[in-house]
Amino acid sequence: MTGQFLRSFGAALASALAMAPAYALAQEQGYPQPGQIGLQPSVTPIMDSVHSFHDGILLWTASLITLLVLVLLVVVMVRFNARANPNPSTNTHNTLIEIVWTVLPILVLVVIAIPSFSVLTDQLTMPDGERKYLGSNIFSFGEVEVPAPELTVKATGEQWYWNYEYVDQGLAFDSNMLKEPEREATKPGQPRLLAVNNELVVPVDTTVRLQVAASPQGVIHAFAVPSFGVKIDAVPGKLNETWFNARKTGIYYGQCSELCGQDHAFMPIAVRVVTKEEYAFWIKTFGEGFIEDANDTLPKVE
Ligand SMILES: [Cu+2]
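Below, the structure is looked at part by part. Here the structure is a predicted model, which is why all the values come from computation and not from measurement.

## Section: the nonpolar core
The tendency in soluble globular proteins is for nonpolar side chains to be buried as a group. In this structure, Trp162, Tyr166, Phe223, Phe228 and Trp282 are the most contacted members of the largest nonpolar core, which totals 40 residues. Setting aside residues no more than four positions away along its own chain, tyrosine 166 makes contact with Leu151, Thr152, Val153, Leu171, Phe173, Leu200, Val201, Tyr279, Trp282 and Ile283. Counting six residues, the second-largest nonpolar core is a separate cluster that includes Tyr31, Leu194, Tyr253 and Ala270.

Here it is, written out as structure tokens:
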């Protein structure tokens, strides 16, 4: 019995180790990978702080609580089973224990809440051009340097696709998910259900002010890109703001994260981070004509 358990445990461990290359590969991608463990790789300061908050405090807290519960269960099973403890206690209350199991979880929540507020504040604090450290952190989480925004884009949730507007340039376009035959014909290397016809194009190493709303006659959506640590509601009649500064070129995907109706699952977000030169030429070409011509100026991604 034990031998069999050890053998299957060993097999599970071996297959988990075999997944390690898949995880290494996942580090390079802007979308979830088979066998991936943990959060998607970060390419922004905000996602860095989410990573360190998750890995540095949440994971430890959850693991320690799980271990404590396991130990308590084992103690109960060994010491208080019918054979070891034939005459059970008839106590129904114990004031001290009740205070402890009320106060301890509260303390745990406070320990989690304080650093999480600074991570949250950084996400929602608009860059004002002063380089500074934000957040009243007791711990080191959420200390993000916020440079001034160099570009403003507005994402509007429609039913069911996204519209992107380059506010300063007065340019806008729709971004629709590619249906299967079309994706295979035009962008076969891009992920199914995430690839779109027109990606939101932004320059690398640039602070982008992101405004998010939903169409006035529409419903609530949410704009989320895991690699950026961005997740913000898109509400009709309300302008929400957040920001990101991506340090690495590539295509980063996300999905609408508010249940918004029949095609909620089919309005993906694709952000293409390009070099500053590529972006300058792209936005110039877009301003002179069509989004398709502008996209043709970018290196081909299949
Ligand atoms: Cu939606």
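## Some thoughts on the coordination of the copper ion
All of the protein donors around the copper ion are His221 (ND1), Cys256 (SG), Cys260 (SG) and Met267 (SD); their distances to the metal are 2.0 to 2.7 Å. Taken together, the four donor atoms coordinating the copper ion span angles of 91 to 127 degrees at the metal, a pattern that classifies the geometry as tetrahedral. Read from N- to C-terminus, the donor residues coordinating the copper ion fall into the pattern H-x34-C-x3-C-x6-M.

## Considerations on the packing of aromatic side chains
Under the definition given, this model contains 13 aromatic pairs. A centroid spacing of 5.5 Å and a plane angle of 75 degrees characterise the contact between tyrosine 31 and tyrosine 253, whose relative ring orientation is edge-to-face. Placement of tyrosine 31 in the loop between α2 (20–26) and α3 (45–79) and of tyrosine 253 in strand β9 (residues 250–254) is noted, with a sequence separation of 222 residues between them. The same class applies to tyrosine 31 and to tyrosine 253, which are both buried. Relative to tryptophan 282, the ring of phenylalanine 173 lies with its centre 6.3 Å away and its plane at 80 degrees, an arrangement referred to as edge-to-face. With phenylalanine 173 in strand β3 (residues 171–175) and tryptophan 282 in helix α6 (residues 276–288), the pair connects residues that are 109 residues apart, well separated along the chain. For phenylalanine 173, a relative accessible area of 5% translates into the label buried.

Thresholds applied
Residues numbered from 1 in each chain as written. Predicted model: local features only at pLDDT ≥ 70, side-chain atom pairs only at ≥ 80, totals over all residues. Heavy atoms only, no water. Core = buried A, V, L, I, M, F, W, Y, C linked by side-chain atoms within 4.5 Å. Buried < 20%, exposed > 50% of the residue type's maximum accessible area, 1.4 Å probe, protein only. Contact = heavy atoms within 4.5 Å. Donors = N, O, S within 2.8 Å, 3.2 Å for Na, K, Ca; no water. Tetrahedral: all angles 85-135°; square planar, octahedral: opposite > 155°, others 65-115°. Phe/Tyr/Trp six-rings, centres within 6.5 Å; stacked < 30°, edge-to-face > 60°. Helix = DSSP H or I, 4+ residues; strand = E, 2+ residues; numbered from the N terminus.

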